[in-house]
Protein chains: 2
Amino acid sequence: MPKTVDFTLPVNEAKKVVEKVLRMKGCDKENARAVTDVMIRVEIDGCVFHGLFRLPGYIASLESGKVNGSARPDIKHLLPSVLRVDGNGGFAPLVLEEVRPVLIQAAQTHGIVAASLINTHHFAALWCEVEPLAEAGLCALACTNYLPAVAPFGGRRPFFGTNPMAFGWPREGKPPFVFDQASAAMARGDLMLAAKANETVPDGIGLDQNGQQTTDPSEILNGGVMLPFGRHKGSSIAIMVELLTAGLCGAPFSHEAAAADNGDGGPPKGGEFILAIDPSKFGDPNWLAHSDSFFEELSGLHGVRLPGSRRHTRRGETDMITFSLAQDLAREL
Amino acid sequence: MPKTVDFTLPVNEAKKVVEKVLRMKGCDKENARAVTDVMIRVEIDGCVFHGLFRLPGYIASLESGKVNGSARPDIKHLLPSVLRVDGNGGFAPLVLEEVRPVLIQAAQTHGIVAASLINTHHFAALWCEVEPLAEAGLCALACTNYLPAVAPFGGRRPFFGTNPMAFGWPREGKPPFVFDQASAAMARGDLMLAAKANETVPDGIGLDQNGQQTTDPSEILNGGVMLPFGRHKGSSIAIMVELLTAGLCGAPFSHEAAAADNGDGGPPKGGEFILAIDPSKFGDPNWLAHSDSFFEELSGLHGVRLPGSRRHTRRGETDMITFSLAQDLAREL
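Because the structure is a prediction, the values reported are computed rather than measured.

## Brief notes about the overall build of chain A
Part 1 of the reasoning: Each helix and strand counted, chain A has 12 helices and 12 strands in total.
Part 2 of the reasoning: Expressed as a percentage of the 333 residues in chain A, the buried residues total 56%.
Part 3 of the reasoning: Nonlocal contacts in chain A, meaning residues at least 24 apart in sequence, comprise 64% of its contacts between residues at least 6 apart.

Below, the structure is given as C-alpha cells:
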C-alpha cells in the first residue's frame, strides 16, 4: 500500500481539493465537478464506502486511460418513452446529470420512460440517480451490473456483479422513500470496510477460495466469492439486473465486462437501466396521500425502520469530511 | 374439514368438471373457462399449490358474493404507454386475457407500456401473466399484493402480502426465462402444503404467535407470521411491490385489503402492476442472441439451474390431473 495523507476539511474545501485532484489526473472541469459532487453527496449522508473511499479507483481509471475524463453523453429519444444514452467512455455522474431533466420531462409527459445507458463507467451509489427523480415526483427504478463478484445460487464462482437495484417513491413534504441494495448478501463496500477493520461477517455472505462458507471478509474478497441475498430469490434479482442492464441496453454482462476490463481497480465500462414513472398519470388522483398513509403505517410498526431513513437522518450531521490521498498526490496539490 | 371426493382425470375431462363447478357456483362461461385454464396450466407445470388447490377459494368467493363471476374488464389507454384496467370485481384470469393483446401491441409500438389493474381478485401464479408476454418477444414484470401475511424486516406482525414479483425474458426457440417469487422467504402455498404434510420448514421462514422463530409451518400459518426473504432486502422488495400495486394503481395496500375483505378464504379485491418492454426498441439489434449467450453461460455453471427451468421440464409430463371436491359439490355434478 502506498503511503497516504489524511485530510479533514469542511465540505466546500474538500470539494475543491477533490476536484483539483481529478482535474490533475485528466478530468475536464464539468466531469471533475460531477464526479466530486456524487462522492461528497454520499459522504454527507454517511455512506462512506461509496464516498471518497472510491477516489483512488476514479484516479486509477484516468491514469490508465480506460476512462475519458472529458466525455460528453449523447442522448437520443428512440421513441417518446425510450431513451438511449451513450456515455462515450466517460464516468457516469455527468451522464446522469444530463439525462435527468430529459427523463423527468418524458415521464411527466408520457407517464413512463425507460433509458438504456451504455459506455459509461459507474462507481457510485445508485440511490443518487433515483432520489432526484423521486424528489421530482416520480417513481424511479435503476439498476446496473459490474465485474463478476457474486456466485449464482448453487454456484461457487463469481458470475454476477454486485448488481445493485435502487428504487425511489415521492413523499409530500418529506425526503422521498429510497432503497438501494446490492444483489449480494452484503455490499462489496461493506465487505471491504469489514476486512479493513478485521471484523467477521455473518454466515451466508460468502464462500472462500475452496467454495466453503466463511465469515472472514478477506477470504471472501481474496479468491472467494460473495453470495446473493435470500438464496435463489436474490439470485433471480441479480439475473433480472443483468438482463435489464446488459441484455436490454446492449452493454457487457458482468462476465463479459471482466474480459474487457484492464484491471486498474476503477469501474469497468458498462450499462445502466433507469425507469421513471409519473404516478399522477396512472388514474388515481389520491396516490400521494394514499402511499404516504402506507409509509406512516409501516414506520409506526414496532421494530420497523423505513429503508433509507438512516441516511436522511445522518444528512448534514457533520460539515467536515475526512479522506485520504496518496502521499505523492498530496504533495502535488 | 368437509368430506371430499378425489378425482384423477385426463386434462380435458378435468377442465370440463372444473368449468362446470365454477358455472354452478356463479361464473359465466368465459370467466369459468379463463379461471379453469389458469389452474390447469399451472397443474400441467407441476405447481400444485397454485393449481386446483385454489378451487375451494374461488368457489368460496363466488358463494359469498364477494366476486362477480360475470364481470368484464374496462381497459383504458390513459396515454399511449399507460393502461388502466378496471376488473369490475371479477377474477383476474379473464381480465388478464383481455389486457394481454393490448399490452403486446402497445409495447411493440411504443417500446414500453405499464398497466395498472384495479378491482380484480387475483388467486393464481403470477408467471401466468409474464410468460405469454415473454413468448411474444417482450420483457415483462408483474407484481401484486394480497392480505397481510409477511412481517416487515424487524417487525413481528403481518403487514405485507406474500407480494409476488414475476419477470420474463424471451429466448429464441426455447421457452422464455421466467421467475416468479413471493417476497416471503417461502410461498404461502408451500407453507400450506408443508403444514398439510406435517413437515417442518427451515429457520428464517417465519415466527410463531409470540414473535419467536419456529420451524412448524402450522405455527406460522395459525397466528404466526411469515418473514421476508433475504432479511431487509426482501422486505424492501415487498415495499416496492406494495407501492407499484397499491400506491401506483390506487388499489388497497395489503393492510387495507384485510379490513375490506369478508374473510371467505378466497382472494381479496386488489390491484396488479404489469410492465412490458420490447427490447428490440432499445437500440441493440443483437439483444436476443446476446442475452441468450448469458443464459448459456449461466446454466453451464456447475451447480446452477435457471429459475423456471424445472417447470418447463415438468410441462406435459403427465396428462392426468388429480384434485378434490367437497362431497356435496361432487354429488351435484
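So that's the structure; there's more coming.
## A closer look at the sheet that holds strand β3 (residues 82–91) of chain B
Residues and elements named next belong to chain B.
Part 1 of the reasoning: Strands sit in the order β2-β3-β4-β10-β5-β6-β7 across an open sheet of seven strands; the sheet is mixed. The sheet is open, and its two borders are formed by β2 (74–79) and β7 (177–181), each paired with just one other strand. For this sheet, the mean angle separating the axes of adjacent strands, direction not counted, is 15 degrees.
Part 2 of the reasoning: In the sheet, strand β4 (residues 112–121) pairs with strand β10 (residues 269–277) via eight bridges, with the strands oriented antiparallel. Within β10, the position partnered with L117 by the bridge is E272.
Part 3 of the reasoning: Contacts from helix α4 (residues 92–110) reach β2, β3, β4 and β10 within the one sheet, and its direction differs from that of β3 by about 170 degrees.
Part 4 of the reasoning: The sheet strands contacting helix α5 (residues 127–135) are β5 (139–144), β6 (165–169), β7 and β10, and the helix crosses β6 at an angle near 15 degrees.

## Brief notes about the nonpolar core
Part 1 of the reasoning: Within the largest apolar cluster, 217 residues are counted, with the highest numbers of intra-cluster contacts made by L103, A140 and M226 of chain A together with L103 and M226 of chain B.
Part 2 of the reasoning: A domain-level breakdown of this core finds at least three residues from each of domain 1 (4–184 + 228–285 + 313–332) and domain 2 (186–222) of chain A.
Part 3 of the reasoning: Excluding residues within four positions of it along the chain, L103 of chain B makes contact with L83, V113, A115, L133, I274 and A276 of chain B.

## Considering the relation of the copies chain A and chain B
Part 1 of the reasoning: Between chain A and chain B, which share one sequence, the superposing operator has a rotation angle of 180 degrees and an axial displacement of 0.0 Å; the RMSD is 0.0 Å. A rotation of that kind, with that shift, is consistent with a two-fold axis. Rotation axis and chain A: the residue whose C-alpha lies nearest the axis is G230 of chain A, separated from it by 1.8 Å.

## Some thoughts on helix α10 (residues 287–299) of chain A
Part 1 of the reasoning: With 13 residues, α10 of chain A ought to run about 18 Å at 1.5 Å a step, and its terminal C-alpha atoms sit 18 Å apart, in line with that.
Part 2 of the reasoning: Every buried residue of α10 of chain A is listed here: W287, S291, F294 and L298 of chain A. Burial along α10 of chain A is one-sided: seen end-on, the buried residues are contained in an arc of 45 degrees. The exposed set on the far side of α10 of chain A, more than 90 degrees from its buried face, consists of A289 and E296 of chain A.
Part 3 of the reasoning: Looking at the buried positions of α10 of chain A, the neighbouring elements they touch are β6 (165–169) of chain A together with α8 (232–249) of chain B.

## A few points about the interface of chain A and chain B
Part 1 of the reasoning: Taken together, the contact between chain A and chain B spans 55 residues of the former and 55 residues of the latter.
Part 2 of the reasoning: Ranked by residues supplied to the side of chain A that touches chain B, first place goes to helix α8 (residues 232–249) of chain A with 10 residues.
Part 3 of the reasoning: When its residues are assigned to classes, the side of chain A that touches chain B shows 26 nonpolar, 20 polar and nine charged.

## Concerning unusual backbone geometry
Note: most peptide bonds trans; most residues except glycine with negative phi.
Part 1 of the reasoning: The backbone of R231 of chain A shows a phi angle near 55 degrees, a positive value even though the residue is not glycine.
Part 2 of the reasoning: Here R231 of chain A lies in the loop between β10 (225–226) and α8.
Part 3 of the reasoning: Even without glycine at this site, N119 of chain B takes up a positive phi of about 55 degrees.

## Overview of the pairing of strand β2 (residues 74–79) of chain A
All names here are of chain A.
Part 1 of the reasoning: In the sheet, β2 pairs with strand β3 (residues 82–91) via five bridges, with the strands oriented antiparallel. Note on β3: the bridge partner recorded for D74 is D86.
Part 2 of the reasoning: Between the antiparallel neighbours β2 and β3 lie two residues.

## Description of the packing of helix α2 (residues 29–44) of chain B against α4 of chain B
Residues and elements named next belong to chain B.
Part 1 of the reasoning: The interhelical angle for the contact between α2 and α4, taken along N-to-C directions, is 90 degrees, at an axis separation of 7 Å. What the angle tells us is that α2 and α4 run roughly perpendicular. Contacts between α2 and α4 involve E30, N31, A34, V35, D37 and V38 from the former and P93, L94 and E97 from the latter.
Part 2 of the reasoning: Its residues assigned to classes, the contact of α2 with α4 shows five nonpolar, one polar and three charged.

## A word on the domain arrangement of chain A
Residues and elements named next belong to chain A.
Part 1 of the reasoning: Partitioning chain A into domains gives domain 1 (4–184 + 228–285 + 313–332) and domain 2 (186–222).
Part 2 of the reasoning: One C-alpha centre belongs to domain 1, the other to domain 2; they are set 24 Å apart.
Part 3 of the reasoning: Domain 1 puts nine residues into the contact, and the matching count from domain 2 is nine residues.
Part 4 of the reasoning: A class-by-class count of the residues in the side of domain 1 that touches domain 2 yields six nonpolar, two polar and one charged.

## A word on the pairing of β6 of chain B
All names here are of chain B.
Part 1 of the reasoning: Burial runs high along β6: five of the five residues are buried.
Part 2 of the reasoning: Here β6 shows a buried face lined by M165, F167 and W169 and a second buried face lined by A166 and G168.
Part 3 of the reasoning: Sheet topology places β5 next to β6; four bridges connect them, and they run antiparallel. Across the sheet, the residue bridging to L141 is F167, located in β6.

## Focus: the environment of G265 of chain B
Residues and elements named next belong to chain B.
Part 1 of the reasoning: With respect to the helices and strands, G265 occurs in the loop between α9 (254–260) and β10.
Part 2 of the reasoning: Sequence separation between G265 and G57 is 208 residues, and the spatial gap between their C-alpha atoms is 5.5 Å.
Part 3 of the reasoning: Excluding residues that lie within four positions of it along the chain, G265 makes contacts with G57 and A60.

## What to know about the sheet that holds strand β4 (residues 112–121) of chain A
Residue and element names in this part refer to chain A.
Part 1 of the reasoning: Strand order in the open sheet formed by seven strands is β2-β3-β4-β11-β5-β6-β7, and the pairing between neighbours is mixed. Each having just a single partner strand, β2 and β7 (177–181) make up the two edges of the open sheet. The sheet shows a mean angle of 15 degrees between the axes of neighbouring strands, direction not considered.

## Considering the packing of helix α1 (residues 11–24) of chain A against helix α2 (residues 29–44) of chain A
Residue and element names in this part refer to chain A.
Part 1 of the reasoning: Across the interface, α1 lies against α2 with an axial gap of 9 Å and an inter-helix angle of 140 degrees. Between α1 and α2, the angle falls in the class oblique. The element α1 and its partner α2 pack so that their crossing is right-handed. Packed against α1, whose contacting residues are V11, A14, K15, V18, E19, L22 and R23, the element α2 presents K29, A32, R33, V35, T36, M39, I40 and I44 at the interface.
Part 2 of the reasoning: Residues of the contact of α1 with α2, tallied by class, amount to nine nonpolar, one polar and five charged.

## So, the environment of T144 of chain B
All names here are of chain B.
Part 1 of the reasoning: Among the secondary structure elements, T144 is positioned in strand β5.
Part 2 of the reasoning: Note on T144: 31 C-beta atoms within 10 Å, which makes it buried.
Part 3 of the reasoning: Residues T144 and M165, spaced 21 residues apart in sequence, show a C-alpha to C-alpha distance of 7.1 Å.
Part 4 of the reasoning: Apart from residues lying up to four places away in sequence, T144 is in contact with H122, L126, P164, T245, G270, G271 and E272.

Definitions and cut-offs
Residues numbered from 1 in each chain as written. Chains lettered and ligands numbered in written order. Predicted model: local features only at pLDDT ≥ 70, side-chain atom pairs only at ≥ 80, totals over all residues. Helix = DSSP H or I, 4+ residues; strand = E, 2+ residues; numbered from the N terminus. Buried ≥ 20, exposed ≤ 12 C-beta atoms within 10 Å, placed from the backbone. Contact = placed C-beta atoms within 7 Å. Pairing = 2+ DSSP bridges. Axes fitted to C-alpha atoms, helices over the stretch in contact; angles between N-to-C directions. Core = buried A, V, L, I, M, F, W, Y, C linked by C-beta atoms within 7 Å. Domains from an automatic or database assignment. Least-squares fit on C-alpha atoms with pLDDT ≥ 70 in both. Expected span 1.5 Å × (residues − 1). Arc of directions from axis to C-beta. Nonpolar A, V, L, I, M, F, W, Y, C, P; charged D, E, K, R; others polar. Parallel < 35°, antiparallel > 145°, perpendicular 65-115°, else oblique. Left-handed = near helix turned anticlockwise from the far one by under 90°.

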